[in-house]
Amino acid sequence: MTGSSVRRGPLRASVNSAAIIVAAIVLPLMMAFAIGGCRSGGASNSDDTPAPSAVTMAVSAAKAVVAPMRRKIRLLGTTVATRHLQIRAPAAGRVLGFNLQNGDRVRRGQVIAHILNREVEAATNGLAVAQQVDPGEAPALAQSVKRYNHVGGIAVAVPEDGIVAQRLVSAGQMVNDMEPMADLIDPRSIYVEAAVPIDELAQLRPGMDATVTSPMLPAVVMPARVAALAPNLSPNGATSPARIEFTSDARITQAGAPVEVSITIASAPDAIVIPTAALFEDAVHNSYYVFVVGADGHAHRTPITAGIRSGNLVQVTSRLKPGDLVITSGGYALADGLKVTVTVASR
């Protein structure tokens, strides 16, 4: 028994070694076949699954059009009169028939009152006494006084055309020789002094077109122009005065009137214009772009150069032509190459 056991030991060891070798060869092969079967099965499944459809976004769009564009700045100001005149008494005496009121227009040479000379007034008052003292000689004295004062006093005439700014005396009042009776302003000398913020000062230059409006003349737009820019700043240092002159007969004739000035600082009569809603800003490159709807029905990101802005419109100076469709909705959900369905907005 013992000898038989010794002889079977090496045989069992040989069998075990062979089993291990077979297992080492067969198991990897089985794993390879299994993996291959999984891969082939997966490929078969992917062939049977339909590809996902492309995303389509519904958007609004507007056509680029040709239109005049203007860039304007608005300023506040007041009217100023550079030429002031005075009506003065031509002699000492009593004012007669002076009925001017503030705001009245007067013409050069117009007689607006008379001055009764003090001597004549004294002689007229003396007639009453003469009639009591010497009734026979009183008529002759009255004729003499009448010949001297046949026009009712010395005429007060207007030196220049103007508007009464302030009445200084009243009828019946005694005045001295050359005493002021009324202040006038020359309406042709009235201009607007506008306050220009210092950050907008560099955009202005003399000769620019402007318009003036005022609550004193509602719905009236008065053409004007920038006449000059002051070489100094206002006391607070935030603004600088600009002189705006009227260029037609439509003007304000009162000094100190509040006004608003609109100045055209840039213009383009034939600009290519799109809505500002179509404009995107590239903050990284400090530039702008739009999405143009192509003939293929896709959105195409297009860099552009923006020009004059006015309200909800902006001028485009590059890369667009009239008739191009620019997308005005969708915001930053838009992407280059995105398929879109377009509704064109009516202007």
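The paragraphs below set out a description of the structure included in this document.

The rules we used
- Numbering of residues starts from 1 in each chain and follows the order in which that chain's sequence is written.
- With the structure being a predicted model, the display of local features is reserved for residues of pLDDT at least 70 and the display and counting of side-chain atom pairs for 80 or more, all residues being used for whole-chain, interface and lining totals.
- The side-chain numbers reported here are obtained from all heavy atoms of the structure, hydrogens and water having been left aside.
- A strand pair is defined by DSSP finding two or more bridges across the two strands.
- A run of DSSP states H or I qualifies as a helix once it reaches four residues; a run of E qualifies as a strand once it reaches two. Both are numbered from the N-terminal end.
- Buried residues are those whose accessible area, probed at 1.4 Å on protein chains only, stays under 20% of the maximum for their type, while exposed residues exceed 50% and partly exposed ones sit between those limits.
- Here a residue-residue contact requires only that any non-hydrogen atoms of the pair lie within 4.5 Å.

A few points about the sheet that holds strand E4 (residues 93–96)
Spatially, the four strands line up as an open sheet ordered E7-E6-E4-E9, and their pairing is antiparallel. Each edge of the open sheet is held by one strand with a lone partner, namely strand E7 (154–157) and strand E9 (174–175). Note: E4 against E9, two bridges, orientation antiparallel. Residue pairing for E9: Gly93 is matched across the bridge by Val175.

With respect to unusual backbone geometry
Phi is positive for Asn286, close to 55°, though the residue is something other than glycine. Asn286 sits in the exposed class, given a relative accessible area of 64%. With a phi angle near 75°, Arg319 is a residue other than glycine that sits in the positive phi range. Secondary-structure assignment places Arg319 in the loop between strand E20 (313–316) and strand E21 (325–327). Judged by relative accessible area, Arg319 falls into the exposed class, the value being 58%.

Comments concerning the sheet that holds strand E3 (residues 84–88)
Strands sit in the order E3-E10-E8-E5 across an open sheet of four strands; the sheet is antiparallel. Sheet topology places E3 and strand E5 (105–106) at the edges, where each strand pairs with a single neighbour. Here two bridges tie E5 to strand E8 (residues 162–167), and the two strands are oriented antiparallel to one another. Bridged to Val106 within E8 is Gly162.

Some words on the environment of Gly93
On the secondary structure map, Gly93 appears in strand E4. Since its relative accessible area comes to 0%, Gly93 is described here as buried. Measuring from C-alpha to C-alpha, the distance between Gly93 and Leu116 comes to 5.2 Å, with 23 residues separating the pair along the chain. When near neighbours in sequence (up to four residues on either side) are disregarded, Gly93 contacts Ile115, Leu116, Arg118, Gln173, Met174 and Val175.

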